[in-house]
Amino acid sequence: MTAHVGDFGLARLISESTSNSSQSQIFSTGIKGTIGYMAPEYGVGSNVTTYGDVYSYGILLLEMFTGKRPTHEIFTDGLDLHNFVKAKLPGQVRQVVDPTLFTPGEVEAATTAAAENMDDCECIEDSIEECVVSVLQIGLACSAEVPQDRMNMRDVTSKLNSIRVSFTGTRN
């Protein structure tokens, strides 16, 4: 259950050149990416930046926890994965989270370390829900529409580690 991400919709800058002896080089630039994961600013011709990669990461995080791709059929009429999650946080998180994350067997497996510190099953479920809300908030911060409003990846790493430590009580 260790994720290895190779390409989650990264935008790539492709340059093609043509030349002959009588013409100078002509460059054309095109953006390639995966619909739903590609940052919205690329659709209006903005330059490729690391902000676009952060956006793709945020969408991937939201997808992993909701179980819905950004191109899911429910996303019509201006609704997208980002707004779908944002509208339900924090109080209605169970309406957007993949239901398999809260099945009794999954809860039990995910809370082995946490259960040693908590006797109340309801308390454990609340702890899981709190962690999931925190992770989804990171996904939202990474997938903000305005590039400069997106979370820095150093902060993402720090916050994800904090969530893990607060939930399991262990550090790597």
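Residues numbered from 1 in each chain as written. Predicted model: local features only at pLDDT ≥ 70, side-chain atom pairs only at ≥ 80, totals over all residues. Heavy atoms only, no water.

Visitor: What is the right way to read the overall build of the protein from this model?
Guide: Looking only at helices and strands, the protein has 6 helices and 2 strands in total. Ordered by position in the sequence, the α and β elements of the protein form the string β-β-α-α-α-α-α-α. Relative to its full complement of 172 residues, the protein shows a buried share of 32%. Within the protein, contacts between residues separated by at least 24 positions form 51% of all contacts whose residues are at least 6 apart in sequence. Carbon and sulfur atoms make up 50% of the accessible area of the protein, which totals about 11,000 Å². (Helix = DSSP H or I, 4+ residues; strand = E, 2+ residues; numbered from the N terminus. Buried < 20%, exposed > 50% of the residue type's maximum accessible area, 1.4 Å probe, protein only. Contact = heavy atoms within 4.5 Å. Areas by Shrake-Rupley, 256 points an atom, 1.4 Å probe, with all protein chains shown as cover.)

Visitor: Teacher, can you tell me more about the pattern of salt bridges here?
Guide: It is possible for side chains bearing opposite charge to pair when their charged atoms get close. The full count for this structure, using the stated rule, is 2 salt bridges. Notably, a salt bridge pairs Arg 150 with Glu 41, separated by 2.7 Å at the nearest N-O pair. With a gap of 109 residues between them, Arg 150 in the loop between α5 (121–142) and α6 (153–168) and Glu 41 in the loop between β2 (23–32) and α1 (50–66) connect regions that are remote in the sequence. A relative accessible area of 6% places Arg 150 in the buried class. Under the relative-accessibility criterion, Glu 41 is labelled buried at 10%. (Salt bridge = Lys/Arg side-chain N within 4 Å of Asp/Glu carboxyl O.)

Visitor: Just to check I follow, could you spell out the environment of Val 133 for this structure?
Guide: With respect to the secondary-structure elements, Val 133 resides in helix α5. Not counting the four nearest positions on each side in its chain, Val 133 is found in contact with Leu 89, Pro 90 and Val 93.

Visitor: Can you help me understand α1 in this one?
Guide: A turn of α-helix holds 3.6 residues, and therefore any two residues three or four places apart point the same way. In a regular helix each residue adds 1.5 Å, so 17 residues correspond to 24 Å; α1 covers 24 Å between its end C-alpha atoms and thus fits that length. By the criterion of burial, α1 is predominantly enclosed, with 12 of the 17 residues buried. Listed in full, the buried residues belonging to α1 are Gly 52, Val 54, Tyr 55, Ser 56, Gly 58, Ile 59, Leu 60, Leu 61, Leu 62, Glu 63, Phe 65 and Thr 66. Among the residues of α1, the N-terminal cap falls to Thr 49, whose side-chain oxygen and the backbone nitrogen of Tyr 51 are separated by 3.2 Å. Looking one or two residues past α1, Gly 67 carries a phi angle of roughly 75°, positive in sign. (Expected span 1.5 Å × (residues − 1). Polar contact = N/O pair within 3.5 Å; in protein donor to acceptor, adjacent residues only side chain to side chain.)

Visitor: Even after reading the chapter, I still don't get the packing of aromatic side chains, so can you show me in this structure?
Guide: The geometry of two aromatic rings is summed up by the distance between their centres and the angle between their planes. The final tally for this structure, using the stated rule, is 1 aromatic pair. Look at Phe 75 and Phe 84: their rings are 5.5 Å apart centre to centre, the planes differ by 70°, and that puts the pair in the edge-to-face class. Exposure remark for Phe 75: the relative accessible area of 12% places this residue in the buried category. (Phe/Tyr/Trp six-rings, centres within 6.5 Å; stacked < 30°, edge-to-face > 60°.)

Visitor: I keep staring at the environment of Thr 71 and nothing clicks. Help me out?
Guide: Relative to the helices and strands, Thr 71 resides in the loop between α1 and α2 (81–86). Taking the C-alpha atoms as reference points, Thr 71 and Ile 35, 36 residues apart in sequence, are found 7.5 Å from one another.

Visitor: Help me understand α6, please; the structure alone is not making it clear to me.
Guide: Helix length check: α6, at 16 residues, gives a terminal C-alpha distance of 22 Å against a target of 22 Å (1.5 Å per residue), a fit within 8%. Along α6, the positions that sit buried rather than exposed are Val 156, Ile 163 and Phe 167. Seen from one end, α6 has its buried residues packed into an arc of 30°, which puts them on one side. In the segment just after α6, Gly 169 is the residue with positive phi, at about 80°. (Arc of directions from axis to C-beta.)

This is a description of form; function is not addressed.
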